Amino acid sequence: MQAWKEKYASYMQKQNQPSSVTPVPGNDKISLSLKENKEDLLDRLGQSGDLVVRDFLLFGRYEAALIFFSSLVNQEQIQEYILKPLMDRSAGHPGMPDKLADMSHYIWNVAVQVTQGTTEQDLSALPPAIVKGQLILLIEGSSEALMLDMRQIDIRSVEQPQTEQVIRGPREGYVEKLENNLSLLRYRLQSTDFRIEISPLGTRTQSRVALCYLDNLADPKLVAEVMRRISIIHTDGIIDAGYIEQFIEDQPLSPFPQVQSTERPDKTVASLLEGRVAILVDGSPFALIVPALFNQFFQTVDDYTERFIMGSLIRMIRLIALAFSLFFPALYVSVISFNPELMPTDFAVAISGGRAGVPFPAVLEVLIMEVSMEVLREATIRLPQMIGGALSIVGVLVIGEAAVSAGLASPITVVIVALTTIGSFATPAYNTAIALRMLRFPLVLLAGMFGLYGVMIGTILIINHLLFLESFGVPFMSPYIPGKWRDWKDTLVRAPLWWMRRRPSFLYTQDSTKLPDSVPGTYIDQILQEGGETGERFPTDHDPARGSRNQ
Amino acid sequence: MNDSRQITTLRAAAVISSTIIGVGLLSFPRYMAVAGNSAGPFVALTGVLVSFFSFWLLASLCRRFSTESLFVFSRRLIGRPLAMFFTLIIWLIFMTLTGLTARQFGDVATSVLFNKTPIEATIFLMLLICQLSARRNIIKFSYIHFFYLPLIIGSVLVTILISLRNVDLLNLQPVLTAPTASFWKGALEASYLFQSSFVITLLIPFMKLPKQAVRAGAIGIFVSGAVYWLIALACIGLFGAEETKLLIYPTLETARSAAIGEGFLERLDALFIVIWVISVYTSIYTTYYLASYLLQNLLGLRDQRMTSSAVLPFVFVIALLPENVFETYTWSLMLGNVSMLLLLGYPMLLWAVYWLRRSGKRGLS
């Protein structure tokens, strides 16, 4: 190991002299000399602390070298399954070819015990492979290099998703490694139609991007469009799925997300089954789902795993919360400062009593409180959990109690701000919640300037914007506008699963049937099919299957 | 996926009816009471029929040229200069209509609910959101109407139904009246409200089933006609004809007097104003869209994005021209007369040329 001083000296030396060797891409074959190859490779890879070159005598006779990054491979396995068989055997082993040219085939077929690997004759193909975690075996006198996949990266284990918790439903969330995420999907979707297209993206990061869809189900035009949009991304690095989202979305200037991101494999599978397309990126614990519609952003897994009445009710509560977070402060401001006659008299008296000592107009008061609430929220996200708890207590105390007694805000304002904040946290999709939370500021300003009329103008603008938006050719407000009535079964309310016989029509799936028509959906259907109510028989013949529907 | 013929018959009907239900909603019963006393609802009904006749004249013509809009095929029928002339006039009419409607809206809004907001700001904001949304294509245009219509009709119906409880049937008798001059004047006035059903000419080239244009219009006109009729019925039934004549905005008074339970939903008029603003928006949006579309047609531009901005100052100035409420009212009556003449006469002219040409062709072959 060099000391840092020497490292600095050699680095500066290298910077000062122009690089003499410019690697010619394409036609550089692997030469017969091991030394030359090694030097060439080291030259291309530069000097890295974790680059290992292990020289050894292959089968006790030929000079050979293993080149790999110690940070990307499992060294124990290399010892066990590569070095051991390659060094143990003596040259006179039966079946061993005499010619060096056949040696790599022999090694691949007989000696090493590795699942994936290829041979390569092109020297320029080797550095990218090493960077991806492959191990290179070079042999003196052979013009073929063996590339063996020994990649192993430590990852965190599968955990409960942080941003999308559920009461009832699977507890698994994505992790960073792509293979793991894909296995979580395959495990849930054991269909031969399930297709995964993987290709690297990003000129420098070469992050692998996987496009998942169900063949024979998803609209081919949609799949093609997603592929087209991904294919025209030209950037140096894809760090997270969020980078891709920003490259492929329809309307980058809109506050609303047009791509759904989720941490949940089960949610992804459900979307795939509806005929959507999912995009996963190596290194990101989020999957992107397109097309994403407004409807999706207040649905959760719980809606479907719980029984439909409760699911529907909770979904409505969530909608109310969403309306809270957007309109409440603006309505409050406009009613207080422009149309107090709209309040019931007793309430108006109470409010004006509370506001008596407050020196600011209602707009300013609400804005101050809302902004400090946002600051508090932002602060608690970044803090370690131990401090975050303490901060939120301080925040509640300071903002709630002290602000009122200091005459900064009236108690009713605090209530409004609290309702707004809580309402916005009840929206399941974080990015939509943020969009709505931020949109309430212009609404409050409009309310302060033009009163109720301003709020309505703002609302019309927001609704119009939502109506104009599209996600991958699907209108954002489908199935409300435009849409077919049958798609309304999964919108404001969640209809029973046995009633939703078709996939959403706006996704133009190739196979729209979820349940065959022969399956009786409702109890009535079954009675008609069986020619009478089963309960009409003697109550004595106890039959557990009596009340059950066939689906 | 991106087929341009996407507007269903139902959606076309929704566009027409949400266009028609607009600024006139608040004062409509007063005009009807003035025209026909207790037979006000009957006057309204006659107005609906009159306007449907003029709509039918237009739509059945457009239906025969289902791939083009009126302004395109009229050039072939009566020649470019004449067609351009008529298009210009229709453009002027709709621009003025937009301005006057916005002005009426501003007058009502500032005097009833938003009295702290200056009228210029009220009008300008309304026109601004129309301008912003008029940049979009016709499919999106129809989405907007389809989205707002259930809100408008739903809440208007709820208000009416609640107040129908208090209707005194005696106020509505006699139901019929002899058709006097004032009766016809009132019927015509009622039919002016329906003039923006002209928007069907824009929709037909984008309709899934252009043959059903007349049916769409019939649904649209009769749904909105029913809303107007019910409002007239409720107001006159509630207050009596003489009292209704004295109220400036009888519909609003009806909403004010309506209440469910003991104070459960007391202030229905606030809700009503909110909905009314939306309904005004949809109707101004349509006329604004027509104005910018016509200007685009006159100038031969690719789409109406630029013209929608160009129209804005003109419309705003027109909206500020009238000195007072009375002038606004007279002007819009005059405009109604002019456009009634034109919207009846122009299709008739086109029909005549169309028949002449057809028989000419037949004679040749």
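Residues numbered from 1 in each chain as written. Chains lettered and ligands numbered in written order. Predicted model: local features only at pLDDT ≥ 70, side-chain atom pairs only at ≥ 80, totals over all residues. Heavy atoms only, no water.

Participant: Break down the overall build of chain B for me, with residues and values.
Facilitator: Along chain B, the regular secondary structure elements total 15 helices and zero strands. A compact globule built from 365 residues should have a C-alpha radius of gyration of about 21 Å, and chain B, at 20 Å, falls within 12% of that. When the backbone C-alpha atoms are referred to their principal axes, chain B occupies close to 70 × 45 × 45 Å. Looking at chain B as a whole, 59% of its 365 residues qualify as buried. Summed over all atoms, the accessible surface of chain B reaches about 14,800 Å², with 68% contributed by carbon and sulfur. One way to put it: in chain B the 27 positive side-chain charges average out to a point 20 Å from where the 15 negative ones average out. (Helix = DSSP H or I, 4+ residues; strand = E, 2+ residues; numbered from the N terminus. Rg over C-alpha atoms; globule rule 2.2 N^0.38 Å. Buried < 20%, exposed > 50% of the residue type's maximum accessible area, 1.4 Å probe, protein only. Areas by Shrake-Rupley, 256 points an atom, 1.4 Å probe, with all protein chains shown as cover. Lys, Arg positive; Asp, Glu negative; His and termini not counted. Charge placed at Lys NZ, Arg CZ, Asp CG, Glu CD.)

Participant: Quick rundown of the sheet that holds strand β10 (residues 287–290) of chain A? Include the residues and the values.
Facilitator: Residue and element names in this part refer to chain A. Spatially, β6-β7-β9-β10-β8 is the arrangement adopted by the five strands of the open sheet, whose pairing is antiparallel. Single-partner strands in this sheet number two, and they are β6 (194–201) and β8 (260–262). Put simply, the sheet's adjacent strands are angled 25° from each other on average, direction ignored. Relative to β10, β8 is paired through three bridges, and the arrangement is antiparallel. Its bridge partner being in β10, S261 is matched across the sheet by L288. (Pairing = 2+ DSSP bridges. Axes fitted to C-alpha atoms, helices over the stretch in contact; angles between N-to-C directions.)

Participant: Please set out unusual backbone geometry residue by residue, giving values where relevant.
Facilitator: Cis geometry is adopted by the peptide bond preceding P479(A), which originates at S478(A) and carries an omega value of 0°. Mapped onto the fold, P479(A) is located in the loop between β12 (474–475) and α18 (523–530). Of note, the bond from I481(A) into P482(A) is cis; its omega dihedral lies within 30 degrees of zero at -15°. For P482(A), the location among the structural elements is in the loop between β12 and α18. Positioned with a positive phi, Y508(A) is a non-glycine residue whose angle comes to about 50°. Relative to the assigned elements, Y508(A) resides in the loop between β12 and α18. Take Y508(A): its relative accessible area is 45%, and that puts it in the partly exposed class. Of note, the phi angle at N37(B) is positive, near 50°, even though the residue is not glycine. Summarising the element assignment, N37(B) is placed in the loop between α2 (28–36) and α3 (40–64).

Participant: Kindly report on a nonpolar patch on the surface, identifying the contributing residues and their values.
Facilitator: On the surface, a cluster of nonpolar side chains totalling about 1,000 Å² of accessible area is made up of F308(A), I309(A), M310(A), L313(A), I314(A), M316(A), W485(A), W488(A), L492(A), V493(A) and L10(B). Per-element accounting of the nonpolar patch gives the leading share, six residues, to helix α11 (residues 308–337) of chain A. Here M316(A) is to be found in helix α11. Residue M316(A) is classed as partly exposed on the basis of its relative accessible area of 37%. (Patch = residues over 30% accessible without salt bridge, like charges linked within 9 Å, V, L, I, M, F, W, Y side chains within 5 Å. Salt bridge = Lys/Arg side-chain N within 4 Å of Asp/Glu carboxyl O.)

Participant: Can you break down the interface of chain B and chain A residue by residue, with the values?
Facilitator: Facing 28 residues of chain B, the contacting portion of chain A comprises 26 residues. Taken together, both faces of the contact between chain B and chain A bury some 2,900 Å²; the carbon and sulfur share is 74%. Inspection of the region where chain B meets chain A yields one salt bridge. Counting residues per element, the ones that place at least two in the side of chain B that touches chain A are α6 (119–134), α7 (138–164) and α13 (268–299) of chain B. Examining the composition of the side of chain B that touches chain A, we find that seven residues originate from one element, α6(B), more than from any other. In terms of residue class, the side of chain B that touches chain A is made up of 20 nonpolar, three polar and five charged. (Contact = heavy atoms within 4.5 Å. Buried area = accessible area lost by both parts, 1.4 Å probe. Nonpolar A, V, L, I, M, F, W, Y, C, P; charged D, E, K, R; others polar.)

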